[in-house]
Amino acid sequence: MKKIVLLIILISCVTISRAQLFEDFEGDTFPPEGWLVTSVSNFPGNNWTRIGTSTSPPTVYNGNWAAFVNGVENIGSGNTAEKWLISKPTTITGNSILSFWSRPTINGFQNTTYQVRILANGSQDDLASYEILAEYIDNEEPLFYVNKSISLEEYEGQTIHIAFVIVVNQPTAAPTGERWIIDDISFVDEVVNTVCEVPINLSATNVSEIGAELNWN
């Protein structure tokens, strides 16, 4: 009986990244050194702090602490509140990508928007000059941690501040609002993707007792 041995060729797909952890909120104080907590509202109420309580799904993505803001409060009918957590300055190098872990806590629409804003080469407390990089609606976010990635390529070489802003609207007299938890903020300096296509037109020729010649496109 013939023994046919075929050479198996394994093709793999690889993603390589270099990431620099920017803030994980594990320090001794909050906000971290050089960071700013502020608000835009006539009802200052709750603002950014940090949380370490164990819940299910987990409150903290990694380590003992995460940044947390409770937007559930009565700000009055027709009013809007903004709670800002603003990073220390950092200079963007290469094709950097902002990466962080994010989650809400309440099911359903709570009149809340999560925004990531940026200010290039400006003063940290100049809130009016920040631009929106990305925004997410509360009821479109799952009740568990997901990773958010935002390209900062156009800011290469510039010194920037990143702001995490929760925006709560209260259309009626009934209090509304959501919470927002973020953790492990980092900058990914490089991402390399090797895309592997599915081979077609497979064939085997020169089949012998010791092997075969495989062909594909």
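Everything numeric here is computed off the predicted structure, so don't read it as measured data. (Residues numbered from 1 in each chain as written. Predicted model: local features only at pLDDT ≥ 70, side-chain atom pairs only at ≥ 80, totals over all residues. Heavy atoms only, no water.)

Asker: Even after reading the chapter, I still don't get the confidence of the model for the protein chain, so can you show me in this structure?
Answerer: Considering every residue of the protein chain, the mean pLDDT works out to 86; 84% of them sit at 70 or more. Per-element confidence in the protein chain ranges from a low mean pLDDT of 73 for strand β1 (residues 15-23) to a high of 98 for strand β8 (residues 112-120). (pLDDT = per-residue confidence, 0-100. Helix = DSSP H or I, 4+ residues; strand = E, 2+ residues; numbered from the N terminus.)

Asker: Hey, could you run me through the side chain of Ser186 in this one?
Answerer: Along the chain, the position of Ser186 falls in strand β12 (residues 179-193). The class for Ser186 is buried, based on a relative accessible area of 11%. In contact with Ser186, other than residues within four places in its own chain, are Gln20, Leu21, Phe22, Ile97, Leu98 and Ser99. (Buried < 20%, exposed > 50% of the residue type's maximum accessible area, 1.4 Å probe, protein only. Contact = heavy atoms within 4.5 Å.)

Asker: Mind showing me how you'd approach a negative patch on the surface here?
Answerer: On the surface, Glu131, Glu153, Glu154 and Glu156 cluster together to form a negatively charged patch. Here Glu154 shows up in the loop between β10 (146-151) and β11 (159-170). (Patch = residues over 30% accessible without salt bridge, like charges linked within 9 Å, V, L, I, M, F, W, Y side chains within 5 Å. Areas by Shrake-Rupley, 256 points an atom, 1.4 Å probe, with all protein chains shown as cover. Salt bridge = Lys/Arg side-chain N within 4 Å of Asp/Glu carboxyl O. Lys, Arg positive; Asp, Glu negative; His and termini not counted. Charge placed at Lys NZ, Arg CZ, Asp CG, Glu CD.)

Asker: What am I meant to see in the environment of Asp189 here?
Answerer: Looking at the element boundaries, Asp189 is found in strand β12. Of the residues examined, Asp189 reaches a relative accessible area of 24% and is grouped as partly exposed. Considered as a pair, Asp189 and Leu152 are 37 residues apart in the sequence and their alpha carbons are 10.0 Å apart.

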